Amino acid sequence: MGVYENLLPGKENALTPEYLTVKCHFSSVRMLQKQIEMERRSGKVILSSATSPGGYYLPAAGDTMEIRKFIRTLENRGDTLRVLESARELLEELEGDKN
């Protein structure tokens, strides 16, 4: 089971890196971050918040604003295209459902 399967939807339900490290049986937060990076590259949309206490979470149903903020953050950091593509695809899918 990956990190994605342990996450909850919504920023208010973000799980701290320390908690996830223990829950997912990683030896360090760095190992957790590597796993999240791999899952994101494989197409999973895992959002993160740096605001205290910070953590990782899934997009809440229909919350396009959070996905937009995540995309902007990735663009500003210069992250890989595949991670951006996954987030953009989810955004398009959600916005398409509204039309």
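Here is what the cut-offs are and how they apply
- Residues numbered from 1 in each chain as written.
- Predicted model: local features only at pLDDT ≥ 70, side-chain atom pairs only at ≥ 80, totals over all residues.
- Heavy atoms only, no water.
- Helix = DSSP H or I, 4+ residues; strand = E, 2+ residues; numbered from the N terminus.
- Rg over C-alpha atoms; globule rule 2.2 N^0.38 Å.
- pLDDT = per-residue confidence, 0-100.
- Contact = heavy atoms within 4.5 Å.
- 1 Å grid on protein atoms, 1.4 Å probe; cavity = no way out; pocket = protein on both sides within 12 Å on 5 of 7 lines; lining within 4 Å.
- Points joined across faces, edges and corners; volume = space filled by probe spheres on them.
- Nonpolar A, V, L, I, M, F, W, Y, C, P; charged D, E, K, R; others polar.

Undergrad: Help me understand the overall build of the chain in this model?
TA: Looking only at helices and strands, one finds four helices and two strands in the chain. Reading the secondary structure of the chain in the N-to-C direction produces α-α-β-β-α-α. Compactness check: the chain gives a C-alpha radius of gyration of 13 Å against a globular reference of 13 Å for 99 residues, within 12% of the reference. In terms of overall dimensions, the chain has a C-alpha envelope of 45 × 25 × 25 Å along the principal axes.

Undergrad: Teacher, can you tell me more about the confidence of the model for the chain here?
TA: Confidence along the chain averages 87 in pLDDT terms, with 91% of residues attaining 70 or more. At the level of individual helices and strands, the chain shows its lowest average pLDDT in helix 4 (residues 81–98), which scores 77, and its highest in helix 1 (residues 17–23), which scores 97.

Undergrad: Sorry, what's going on with the side chain of Asn 6 here?
TA: The topology assignment puts Asn 6 in the segment before helix 1. If we skip the residues at most four places from it in the chain, Asn 6 touches Met 1, Leu 15, Leu 20, Lys 23 and Cys 24.

Undergrad: It is not clear to me how the layout of surface pockets should be interpreted in this structure. Could you clarify?
TA: To locate leftover empty space, one rolls a probe as large as a water molecule over the atoms. Each pocket or cavity is described by its volume, and for the second largest pocket that value is around 180 Å³. Along the walls of the second largest pocket sit 12 residues, with Ser 48, Ser 49, Tyr 57, Phe 70 and Thr 73 positioned nearest its centre. Broken down by secondary-structure element, the contributors of at least two residues to the lining of the second largest pocket are strand 1 (47–49) and helix 3 (64–77). With five residues, helix 3 is the single largest residue contributor to the lining of the second largest pocket. Here the residues of the lining of the second largest pocket are counted per class, giving four nonpolar, four polar and four charged.

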